[in-house]
Amino acid sequence: MRSLSFLLPAVAALISACASTPPAAPEPPAALLADRLFAAPTERISTADVLTMSDDMKRYLKVDIARQLRNKGAQTGLLEALYKHGELKLEYDATNTKTAAEAFAGRSGNCLSLVIMTAAFAHELRLPLRYQSAYLDETWSRDGSLLFASGHVNVTLGRRIMDAGTTYDLNPLTIDFLPPEDLRSMRVRDISEQTVIAMYANNRAAEALARGRLDDAYAWAAESLRNDPGFMGAYNTLGVVYLRHGDLALAERAFDRVLAQEARNTRAMSNLAETYARQGRGAEADATRTRLAAIESVAPFHFFNLGIEAARRSDWLAARNFFAREVERADYYHEFHFWLGLADWQLGDEAQASKHLRLAMDNSTTRGQHDLYAAKLDWLKSHLKERETSRPAGG
């Protein structure tokens, strides 16, 4: 199961680059907020209940798995109940980021939602835990004209002790959705619970942004910064909100804030270049894009976009080659497989078309995507079967 965690929006023109001279001292978060420019949000904006246990969750501990917790210990019992034996039948679904109670009620969620749910159970059982952000290659997805970079976060249950400056874990159990072999070589850093809650709010901002709800997106980005003023993802999201809202000076300040702390942050570079371009500052935009190109030689979705252009010209051979290049460097992304399968179909390679439609379905991150690809795969199978049965005998 592929895991997504926090979303960092980046505007679609992702061949872009670096920052202007960073400010001498970072601006405090409040100085970058402009509540007056936005209407009241259309939904409740709060992180107060992110880790709150529902009555059903408490009943699950006290009744459904009480014996398992007693017999195997709270730590192992909880891990096995939630993930190993699949009693909850949890389903990965990246449609929305959920609170602990929402993830439990729906038996589904993205990586961050399921980490939050696990942490809420651990708190209720008084289990020590820590959150970890992993150093992994970013994974990319898109929603309309927005591109999203996804990081990775997990949670470890277990107590730590200190001995002569060295930290030891006592019987740690890490809850993750990556294969065990990936976990062994994974480099991680501990993050605070406030950062995790800030990630939750930032995800909600990104999801509102993708739906065009700028007032909600702004409110969630501001809530993320209130939880963790040092979380750079929220500044980038805030900058994208300002950019979409037409507040270009504020967008520039937000992206400069990121780059003052993370000089090689390609998302903020890309967005800053776009901001310069919209301000008519072409030389600065070009310089920023040149600096970005030195860090990121090929932008995310570059070959995909070329493939789409080729498909529009009905040049399906060129399209297939471009889509294949995206699959080669990002085989986790469902849409690349779908378009590669479509190109194969147009070129008469039905076996490869079927293969990539199945891979698109297997790599889908929402129930809606899965059902869509399943329907297309069923149609293809039905079409092939119908054609086979309509052939003349001995043909």
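Residues numbered from 1 in each chain as written. Predicted model: local features only at pLDDT ≥ 70, side-chain atom pairs only at ≥ 80, totals over all residues. Heavy atoms only, no water.

Engineer: Sorry if this is basic, but what is going on with the overall build of the protein chain here?
Structural biologist: Secondary structure assignment for the protein chain yields 18 helices and nine strands. Burial statistics for the protein chain: of 395 residues in total, 51% are counted as buried. Sequence separation of at least 24 residues holds for 67% of the intrachain contacts in the protein chain that already meet a minimum separation of 6. Counting every atom, the protein chain has about 18500 Å² of accessible surface; 50% of that belongs to carbon and sulfur. (Helix = DSSP H or I, 4+ residues; strand = E, 2+ residues; numbered from the N terminus. Buried < 20%, exposed > 50% of the residue type's maximum accessible area, 1.4 Å probe, protein only. Contact = heavy atoms within 4.5 Å. Areas by Shrake-Rupley, 256 points an atom, 1.4 Å probe, with all protein chains shown as cover.)

Engineer: I'm lost on the confidence of the model for the protein chain in this one. Help?
Structural biologist: Atomic detail in the predicted coordinates should be set aside for any region of low pLDDT. Mean pLDDT for the protein chain: 80, with 77% of residues reaching 70 or above. Counting interchain partners and residues more than four positions distant, the pLDDT-below-50 stretch residues 1–25 has 121 contacts. (pLDDT = per-residue confidence, 0-100.)

Engineer: Whenever I open this one, helix α2 (residues 55–64) confuses me. Can you help?
Structural biologist: Since there are 3.6 residues in each turn of an α-helix, residues three or four apart along the chain are aligned in direction. For α2, the complete set of buried residues consists of Met 57, Tyr 60 and Leu 61. One side of α2 carries all its buried residues, which in axial view fall inside an arc of 90°. Summarising the geometry of α2, the exposed residues directed more than 90 degrees from the buried face are Asp 55, Lys 62 and Val 63. (Arc of directions from axis to C-beta.)

Engineer: In this structure, what is going on with the nonpolar core? I would like to understand it.
Structural biologist: Core analysis: the largest hydrophobic core is formed by 76 residues, its most contacted members being Met 117, Phe 121 and Tyr 131. With ten residues, the top contributor of residues to this core is helix α6 (residues 111–124). Within the second largest apolar cluster, 16 residues are counted, among which are Phe 301, Ala 311, Ala 318 and Leu 340. (Core = buried A, V, L, I, M, F, W, Y, C linked by side-chain atoms within 4.5 Å.)

Engineer: Would you take a moment to explain the environment of Leu 114 for this structure?
Structural biologist: The residue Leu 114 is located in helix α6 in this model. Taking the relative accessible area as the measure of exposure, Leu 114 reaches 1% and is therefore buried. Distance from Leu 114 to Lys 98, taken between C-alpha atoms, is 8.4 Å for residues 16 residues apart in sequence.

Engineer: Looking at this structure, how should I read helix α14 (residues 302–312)?
Structural biologist: What α14 keeps buried is the set Phe 303, Phe 304, Gly 307, Ile 308, Ala 310 and Ala 311. Considered in projection along α14, the buried side chains sweep an arc of 160° and stay on one side of the axis. Looking at the residues trailing α14, positive phi occurs at Ser 314, about 65°.

Engineer: Help me understand the pairing of strand β4 (residues 129–134) in this model?
Structural biologist: Of all six residues in β4, six are buried; the element is thus mostly enclosed. Where burial is concerned, the two faces of β4 agree: the one with Leu 129, Tyr 131 and Ser 133 and the one with Arg 130, Gln 132 and Ala 134 are both buried. Judged from the four bridges that link them, β4 and strand β9 (residues 188–191) form a sheet pairing that is antiparallel. Each residue of the ladder has a partner; that of Tyr 131, found in β9, is Ile 191. (Pairing = 2+ DSSP bridges.)

Engineer: Explain unusual backbone geometry to me, please; I cannot follow it from the model alone.
Structural biologist: Of note in this structure, Arg 107 is not a glycine but carries a positive phi near 55°. Along the polypeptide, Arg 107 turns up in the loop between α5 (100–106) and β3 (108–109). Given the relative accessible area of 29%, Arg 107 is considered partly exposed. Although it is not a glycine, Arg 126 sits at a positive phi angle of roughly 60°. Residue position: Arg 126 is located in the loop between α6 and β4.

Engineer: Would you mind going over the packing of aromatic side chains with me for this structure?
Structural biologist: Two numbers describe a pair of aromatic rings. These are the distance of the centres and the angle of the planes. Within this structure, the stated rule accounts for twelve aromatic pairs. An angle of 50° between the planes, with centres 6.0 Å apart, marks the rings of Tyr 60 and Phe 121 as tilted. Note that Tyr 60 is positioned in helix α2 and Phe 121 in helix α6, a separation of 61 residues in sequence. Of the residues examined, Phe 121 reaches a relative accessible area of 0% and is grouped as buried. With 5.5 Å between their ring centres and 45° between their planes, Phe 304 and Phe 336 make a pair best called tilted. Here Phe 304, found in helix α14, pairs with Phe 336, found in helix α16 (residues 334–346); they are 32 residues apart in sequence, far enough to count as distant. Each member of the pair, Phe 304 as well as Phe 336, is classed as buried. Taken together, the ring pairs in this structure connect Phe 304, Phe 323, Phe 336, Phe 338, Trp 339 and Tyr 373 into an aromatic cluster. The side chain of Arg 257 reaches across the aromatic face of Tyr 235, ending 4.7 Å from its centre. (Phe/Tyr/Trp six-rings, centres within 6.5 Å; stacked < 30°, edge-to-face > 60°. Lys NZ or Arg CZ within 6 Å of the ring centre and 35° of its normal.)

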